[in-house]
Amino acid sequence: MAQRVEARVLNATQAADYLGVSICTLKKIENLGHFRPYRTPGGHRRYSRQMLEEYLELSKGFFEAPVAEKILLDQGVAGLQRDVIMSLMAAIDTRDHYSRGHSSRVAANAVVLAEHMGLDEERWGALEVGAYLHDIGKIAVRDAILLKRGSLSSDQRRPIEEHPLMGARILEPVGFDKEVISIVVFHHERIDGRGYPSRLKGDAISLGARIVCVVDSFDAMVSDRPYRSAMPVKVALRELRANAGIQFDSGVVEKFTEAYYEREIMLPSLPHSLEPRLREVRLVPAVAT
Ligand SMILES: [Fe+2]
């Protein structure tokens, strides 16, 4: 069931989390007229907790499935295919418990960023599912490499650098659209052409992949890893800006920074050492309490 936050006013990320749905589904529920958020002077959607509570009460029973499953249902991925993908994602979470919750946060933050960038709403769905599944190819990487502390040899780097292509190979038979596949394949490309697997440059990298690259890198920096502690958020933002135009798309970095300071970006929870059993997702404090 969705996590409860104490704030009375929630942003879109928090409201979606509160209902246990993806941001795209939240938008669909709004479009159906079930409730109406109000707008901040900057045009961002805000939700009263009481309004969401009332909606949940009226809609009991519709909110049992995990967010990930709803993302796939939204994309028309049903039945056995959905179950297989859910199992693969669960397997990744089980193998690499340090990155648990990473895919969900990357998906939520990618959609928030798309909204900040004014991206056509019709593209949010593909972005969300691509962001959610971006690392599915890691299922094919051996634990000895995936979980290794310290640097990797060039032989060990090869399977890591192949995970985007492996991801596409897993997803293509499911019939996702090409935007989803392009996110999975190109999320490690760099603007300067020194990324992998295809060394694409600049705009040759799809916008979805450029967005996921920034969101994914930020989440990795502010998360604990086996070989290092989480980086403070301000340091991670500085890192994004320092590499804008080199590794990252400058426009995407600028909008991401803006979204962070407007408290729209979801962060990982407390470090493992402090809160080992409550590590799912801790939301950014809402605007008003
Ligand atoms: Fe990746």
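About the cut-offs
Residues numbered from 1 in each chain as written. Predicted model: local features only at pLDDT ≥ 70, side-chain atom pairs only at ≥ 80, totals over all residues. Helix = DSSP H or I, 4+ residues; strand = E, 2+ residues; numbered from the N terminus. Pairing = 2+ DSSP bridges. Buried ≥ 20, exposed ≤ 12 C-beta atoms within 10 Å, placed from the backbone. Axes fitted to C-alpha atoms, helices over the stretch in contact; angles between N-to-C directions. Parallel < 35°, antiparallel > 145°, perpendicular 65-115°, else oblique. Left-handed = near helix turned anticlockwise from the far one by under 90°. Contact = placed C-beta atoms within 7 Å. Nonpolar A, V, L, I, M, F, W, Y, C, P; charged D, E, K, R; others polar. Core = buried A, V, L, I, M, F, W, Y, C linked by C-beta atoms within 7 Å. Arc of directions from axis to C-beta. pLDDT = per-residue confidence, 0-100.

**Describing the environment of Val129**
- Following the sequence through the fold, Val129 ends up in helix H7 (residues 124-132).
- Each C-alpha atom of the pair Val129 and Ser22 lies 9.9 Å from the other, and the pair is 107 residues apart in sequence.

**Thoughts on the sheet that holds strand S1 (residues 9-11)**
- Taken in spatial order, the 3 strands line up as S1-S3-S2 in an open sheet, and their pairing is antiparallel. Two strands bound the open sheet, and with one partner strand each, they are S1 and strand S2 (38-39).

**Topic: unusual backbone geometry**
- Here the amide bond leading from Tyr196 into Pro197 is cis, since omega sits at 10 degrees, within 30 degrees of zero.
- Relative to the elements of secondary structure, Pro197 occurs in the loop between helix H11 (178-186) and helix H12 (207-221).
- We note that Arg199 has phi near 55 degrees; this positive angle belongs to a residue other than glycine.
- Tracing the sequence through the fold places Arg199 in the loop between H11 and H12.
- A residue is classified by how many C-beta atoms lie within 10 Å of it, and Arg199, with 12 of them, is exposed.
- Backbone geometry places Arg263, a non-glycine residue, at a positive phi of 60 degrees.
- Position of Arg263 among the secondary structure elements: in the segment after helix H14 (250-261).
- Here Arg263 falls in the partly exposed class, since 15 other C-beta atoms lie within 10 Å of it.

**As for the packing of H12 against H14**
- In the contact formed by H12 and H14, the axes pass within 9 Å of each other and the chain directions differ by 50 degrees. Classed by the angle they form, the pair H12 and H14 counts as oblique. Relative to H14, H12 is oriented so that their crossing is right-handed. From H12, Arg210, Ile211, Val214, Val215 and Phe218 reach across to H14, where they touch Val252, Val253 and Phe256.
- Partitioning the contact of H12 with H14 into residue classes produces 7 nonpolar, no polar and 1 charged.

**Here we look at the nonpolar core**
- Counting 63 residues, the largest nonpolar core has Ala110, Val111, Val214, Val215 and Phe256 as its most contacted members.
- Tallying contributions element by element places helix H6 (residues 102-116) first for this core, with 8 residues.
- If we ignore the near neighbours within four places in the chain, the residues touching Val214 are Leu240, Phe248, Asp249, Val252, Val253 and Phe256.

**Overview of helix H2 (residues 23-31)**
- Within H2 the residues assigned to the buried category are Ile23, Cys24, Leu26 and Lys27. Summarising the axial view, the buried residues of H2 lie within an arc of 160 degrees, below the 170-degree limit, and thus occupy one face.
- Gly33 sits one or two residues past H2 and shows a positive phi near 85 degrees.

**Some remarks on the confidence of the model for the protein**
- Summary statistics for the protein give a mean pLDDT of 81 and a share of 82% for residues scoring 70 or more.
- Per-residue pLDDT, averaged within each element of the protein, yields its smallest value for helix H4 (residues 67-74) (69) and its largest for H12 (97).
- Between residues 270-289, whose pLDDT stays under 50, and residues either more than four places distant or in other chains, the model counts 48 contacts.

**Details of helix H13 (residues 233-242)**
- Residues Ala236, Leu237 and Leu240 constitute the buried set of H13. Here the buried residues of H13 occupy an arc of 100 degrees about the axis, which is enough to place them on one side. The exposed residues of H13 that point more than 90 degrees off its buried face are Lys234, Val235 and Ala242.
- The inward-facing, buried residues of H13 abut H12 and H14.

**A closer look at the packing of H13 against H14**
- Orientation of H13 relative to H14, taken along the N-to-C sense of each, is 160 degrees, at an axis distance of 10 Å. Taken together, the axis directions place H13 and H14 in an arrangement best described as roughly antiparallel. The element H13 and its partner H14 pack so that their crossing is left-handed. Taking contact as the criterion, the partners of Leu237, Leu240 and Arg241 in H13 are, on H14, Val253, Phe256, Thr257 and Tyr260.
- Of the residues assigned to the contact of H13 with H14, the class counts are 5 nonpolar, 1 polar and 1 charged.

**Brief notes about the environment of Asp17**
- Along the chain, Asp17 turns up in helix H1 (residues 12-19).
- Judged by the 25 C-beta atoms lying within 10 Å of it, Asp17 is buried.
- Separated by 91 residues in the primary sequence, Asp17 and Ala108 have C-alpha atoms spaced 9.1 Å apart.

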